[in-house]
Amino acid sequence: IIVSGRPLSGLVDDICGNVIRKPPIPDPPDWWDEDFGAAALFAMAAQFRGASKLTPYEDLRKGFADASEKLTSEGLARIG
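Computed from a prediction, not measured in an experiment: that's the story for all the values here.

Caption draft 1: Geometry of the side chain of Ser 52. The topology assignment puts Ser 52 in helix H2 (residues 38–54). Classification of Ser 52 by relative accessible area gives buried; the value is 4%. Setting aside its immediate chain neighbours within four residues, Ser 52 contacts Arg 61, Phe 64 and Ala 65.

Below you can see the structure in the form of structure tokens.
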């Protein structure tokens, strides 16, 4: 699944901190925190899970569900 020119899995990997890639955009403002906490990861996971239930396209549904699962797992890891 491609999101704005890159795979959804790559976006989730960046959020979870598995692979550090610098996007070709300006640096974020000083208040931006790139280390997402468990609550933020759970919120993103819930959004992807909801989207997976709404889309009629199987590939997109699977991509959203996989993203939700990965974000949930990372959120649980950050709690402990």
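Caption draft 2: The pattern of salt bridges, seen in detail. A complete count under the given rule lists three salt bridges for this structure. Measuring nitrogen to oxygen at the nearest pair gives 2.8 Å for the salt bridge that ties Lys 62 to Asp 66. Of this pair, Lys 62 and Asp 66 are both found in helix H3 (residues 58–79), four residues apart, which corresponds to roughly one turn of the helix. Overall, Lys 62 belongs to the partly exposed group, its relative accessible area being 48%. On the basis of relative accessibility, which here comes to 38%, the residue Asp 66 falls in the partly exposed class. Salt-bridge contacts for Glu 74 lead to Arg 78; the nearest nitrogen and oxygen are separated by 2.9 Å. On the criterion of helical spacing, the pair formed by Glu 74 and Arg 78 is a turn pair, its members being four residues apart in helix H3. Residue classification places Arg 78 among the partly exposed positions, given a relative accessible area of 28%.

Rules used throughout
- Residues numbered from 1 in each chain as written.
- Predicted model: local features only at pLDDT ≥ 70, side-chain atom pairs only at ≥ 80, totals over all residues.
- Heavy atoms only, no water.
- Helix = DSSP H or I, 4+ residues; strand = E, 2+ residues; numbered from the N terminus.
- Buried < 20%, exposed > 50% of the residue type's maximum accessible area, 1.4 Å probe, protein only.
- Contact = heavy atoms within 4.5 Å.
- Salt bridge = Lys/Arg side-chain N within 4 Å of Asp/Glu carboxyl O.

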